[in-house]
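Commentary on secondary and tertiary structure
Residue-level listing of the chains:
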Amino acid sequence: MRHARLALVGGALLAAAPALAAGAQVVSIIDAGTGTVRAANAQATTAITLTPSVRRERPTSLLAASGTISFLESGRAASQGEIEGSFFSGARGPVRAELSGGAIGALHENRARTGEYHGRARLHILGGGRGVWLGAGGGRAWDSDAWRTSLAADIGAWARLGAVTVTGSFTRIAVQGVGYIPDPEPPLASGDGLYSDPLVAPLRSFHDALGSARWTRGPLELDVFAGARRDAGLQAVEEWLGASGTLWLTGNFAVVATAGGYPSDIEQQLPSGRYATIGIRVATRQPLAPRGAPVVARPLASDFQVIPGADSTRLIRMHVPGARKVELMGDFTDWRAVELDRTGVDRWEVRVPLRAGAHRLNIRIDDGEWGVPPGVTAITDDFSGVVGVLIVQ
Amino acid sequence: MTLRSRCLMLAAALGLSLALAPAAAAQDPRLEARVDGRTRAQLAPILDSARRAGLPLEPLIDKALEGDSKGAPRQRIVAAVRALAGTLGVARDALGRGASEPEIVAAADAIEAGIPPRQVEVLRHLLLSRPITVPLAVLADLVARGVPPDTAAYAVLNLARVQAADAQFVGLRIDVERDIGSGIAPATAIAVRSEASVRDVETRRAESRSAVPGQETPPTP
């Protein structure tokens, strides 16, 4: 019943997509697949997994929610729900701030419940297809037995190198009251410096190093990742790596294959594991190939102006710091993309025929999604996207 | 040539023209150049029917081009064009036969946003002697910004009753947009700004009536 509820939540997420879409890019996806999963110290099991998700993206915010239900070989099911949101400040030179938060809840095969909520602040320095960030945050996790508090600080960098984007980060995590983690073997005892009672246990530190690369070309997306965690107290190291490939056969349908490992969850006290899956993906639209760069790195348009000319044309001008290409299309260009000219530092403009009345238009920066210029009313178009309505006197 | 063969030729010509008539409507050079044949074939009867009903075809072609440029699937493009044709029909009926294409498009936007066609009709009657494209566009814009449709219609109709100029409708929109941006609820913003806009129009009109041309107003002591 609980799993059915989670599935209903997933369905509701998809149904809510149009309502969430105003002024934003929304993508709803359902992944269905099968594969094997092997948690540490356990036998491999076959699972059929259904994962609905919805992602709402705006230039200054990101909201993502997903649910997963896995039907296991044992006849039981496990499920998980997750929601994550981020708000980004405007750009002050190359600097943007990010405030994010999220929550995860899971119901496991053995009926145990775990969950966590967390918040984080980051400062991004961006420019020229690369960026660095510095962040800190904290959260609370429930391991089906006790609540634990965690604090984290991270530093990271990303760079776009042609069709490949590489990202690396280093995170220090301090968790209060970490007790027995069923990996690595053998089971650890309190005499090894671990405490099963979170109330008396001190903060314990972990250092995570993560690296990932994403390559996209046409309908093909390939991701690889690797990570290592050092337990500062035990001097133990845990390592994991994995890869996934997505081939979009149409704009809405893809085949996805994944394989690899995942680390233990030190906050929720869940073991590490390995997996190999193959499945299909059905989406309301092919998500913008994110090229691995964080959403916050996408250039933002500002100061959108429509300046009347001597004839029936008007000059459209905007500022887009850090952009390589800015395009515009609308009913007045027969919906053909027109490139704006760079006429100054971060200033882009184009002259278009624009008679008085209401016009619909979109802009696109660096071959990203078609969006709406700042200050222009955004409405949902009929094609799962947004369109701006510009009133010209 | 016998009478029979003439009749046969006439029937063949008639059949051919009937077969080609729907296609002709979809033979816009932009559609030909950019939209695939199957989509054009499905759009043809919609465009043809719109043409016969006297509706403007440009917004329909425009919608198809928008969908094509955004990579939308055929079914979605056809559904969007069909839905727009329906709304344009309702908009044209509300505005009357003499409505211009921009007015019909703006009215369709307003109706699609949730404004009842009856309110569009009232607006048309209040501003009979001039184009109402801008007031209609402002109406749709206010709703898109979160103002409830009935409240937006009430505000715009109030401005129309005092024969506000297009710039004053646009001014109302800008003021409401600014208020919403500063955190005021859309319904509150429109209520406050609408009243102020009507007062402003009436004050300006009273001032222009009392001013005597060529004579400066004496300074107030």
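See the structure printed just above.
Here's a quick rundown of the structure. These figures come from a predicted structure and were not determined experimentally.

Considerations on the overall build of chain B
Assigned secondary structure in chain B consists of 11 helices and 0 strands. In chain B, the succession of α and β elements from N to C terminus is α-α-α-α-α-α-α-α-α-α-α. Considering only contacts within chain B whose residues lie at least 6 apart along the sequence, 63% involve residues at least 24 apart.

A closer look at the environment of Gly67 of chain B
By the element assignment, Gly67 of chain B lies in helix H4 (residues 58-69). Taking the C-alpha atoms as reference, Gly67 of chain B lies 9.1 Å from Val78 of chain B; in sequence the two are 11 residues apart. Excluding anything up to four places from it in sequence, Gly67 of chain B contacts Asp382 and Phe383 of chain A together with Ala72, Arg76, Ile77 and Ala80 of chain B.

Regarding the interface of chain B and chain A
In many reports, interface size means the accessible area that the parts give up when they come together. The partner chain A presents 18 residues to the 26 residues of chain B that form the contact. In terms of residue count, the dominant contributor to the side of chain B that touches chain A is helix H8 (residues 133-144) of chain B (7 residues). Its residues placed into classes, the side of chain B that touches chain A shows 13 nonpolar, 4 polar and 9 charged.

Comments concerning helix H6 (residues 101-113) of chain B
With 13 residues, H6 of chain B extends 18 Å between its outermost C-alpha atoms, agreeing within 8% with the 18 Å of an ideal straight helix rising 1.5 Å per residue. Of all 13 residues that make up H6 of chain B, 10 are buried, and the element is covered over most of its length. If you follow the buried residues of H6 of chain B, they end up packed against strand S21 (357-365) of chain A together with H4, helix H5 (74-95), helix H7 (117-126) and H8 of chain B.

Notes on the sheet that holds strand S16 (residues 313-319) of chain A
Residues and elements named next belong to chain A. Taken together, the 4 strands give an open sheet; going across it, the order is S15-S16-S20-S19, and neighbouring strands pair in antiparallel fashion. Only two strands of the sheet have a single neighbouring strand rather than two, namely strand S15 (302-308) and strand S19 (341-344). Within this sheet the neighbouring strands show an average axis-to-axis angle of 30 degrees, counted without direction.

Topic: the packing of H8 of chain B against helix H10 (residues 166-181) of chain B
Residue and element names in this part refer to chain B. Running from N to C, H8 and H10 cross one another at 10 degrees; their axes reach a closest spacing of 9 Å. Regarding the angle of H8 to H10, the classification is roughly parallel. Between H8, through Val134, Pro135, Val138, Asp141 and Leu142, and H10, the contact on the second element is made entirely by Asp166, Phe169, Val170, Leu172, Arg173 and Val176. Here the contact of H8 with H10 is built from residues that sort into 8 nonpolar, no polar and 3 charged.

Describing the pairing of S21 of chain A
Residues and elements named next belong to chain A. For S21, the tally of buried residues reaches 8 of 9 residues, placing the bulk of the element in the interior. Relative to strand S23 (residues 386-392), S21 runs antiparallel, the two sharing 5 bridges. Looking across to S23, one finds that Arg360 is bridged to Val389.

Digging into the environment of Arg193 of chain B
Residues and elements named next belong to chain B. Checked against the element boundaries, Arg193 lands in helix H11 (residues 186-210). A count of 23 C-beta atoms within 10 Å places Arg193 in the buried class. Taking the C-alpha atoms as reference points, Arg193 and Arg173, separated by 20 residues in sequence, lie 9.0 Å from one another. The residues touching Arg193, leaving out its near neighbours within four places in the chain, are Leu172, Asp175, Val176 and Asp179.

Notes on the sheet that holds S23 of chain A
Across the sheet, 5 strands lie side by side as S18-S17-S21-S23-S22 (chain A); this open sheet has antiparallel pairing. Across the chains shown, the open sheet's two edge strands, defined by having one partner strand only, are strand S18 (338-339) and strand S22 (377-380) of chain A. Strand direction decides the pairing type here: strand S17 (residues 326-330) of chain A and S18 of chain A, joined by 2 bridges, are antiparallel. Across the sheet, residue Glu327 of chain A finds its bridge partner in S18 of chain A, namely Glu339 of chain A. Each of S21, S22 and S23 of chain A is contacted by H8 of chain B, which is oriented at about 140 degrees to S23 of chain A, the strand it contacts most.

Observations concerning the environment of Val389 of chain A
Here Val389 of chain A lies in strand S23. Not counting residues up to four positions away in its chain, the partners in contact with Val389 of chain A are Ala358, Arg360, Val376, Thr377 and Ile379 of chain A together with Ala140, Asp141 and Ala144 of chain B.

Quick look at the nonpolar core
Residue and element names in this part refer to chain B. Judged by nonpolar contacts, the single largest core of 79 residues is most densely connected at Ala107 and Leu139. In terms of residue count, the dominant contributor to this core is H8 (9 residues). Other than its neighbours up to four places away in sequence, Ala107 contacts Ala91, Ala94, Leu95, Val120 and Leu136.

Side note on unusual backbone geometry
Residues apart from glycine generally show negative phi values, whereas peptide bonds are mostly found in trans. All names here are of chain A. Phi is positive for Ser144, close to 80 degrees, though the residue is something other than glycine. With respect to the secondary-structure elements, Ser144 resides in the loop between strand S7 (130-142) and strand S8 (147-161). Note on Ser144: 16 C-beta atoms within 10 Å, which makes it partly exposed. Unusually for a residue other than glycine, Asp334 sits at a positive phi of about 55 degrees. Residue placement: Asp334 occurs in the loop between S17 and S18.

Criteria and thresholds
Residues numbered from 1 in each chain as written. Chains lettered and ligands numbered in written order. Predicted model: local features only at pLDDT ≥ 70, side-chain atom pairs only at ≥ 80, totals over all residues. Helix = DSSP H or I, 4+ residues; strand = E, 2+ residues; numbered from the N terminus. Contact = placed C-beta atoms within 7 Å. Nonpolar A, V, L, I, M, F, W, Y, C, P; charged D, E, K, R; others polar. Expected span 1.5 Å × (residues − 1). Buried ≥ 20, exposed ≤ 12 C-beta atoms within 10 Å, placed from the backbone. Pairing = 2+ DSSP bridges. Axes fitted to C-alpha atoms, helices over the stretch in contact; angles between N-to-C directions. Parallel < 35°, antiparallel > 145°, perpendicular 65-115°, else oblique. Core = buried A, V, L, I, M, F, W, Y, C linked by C-beta atoms within 7 Å.

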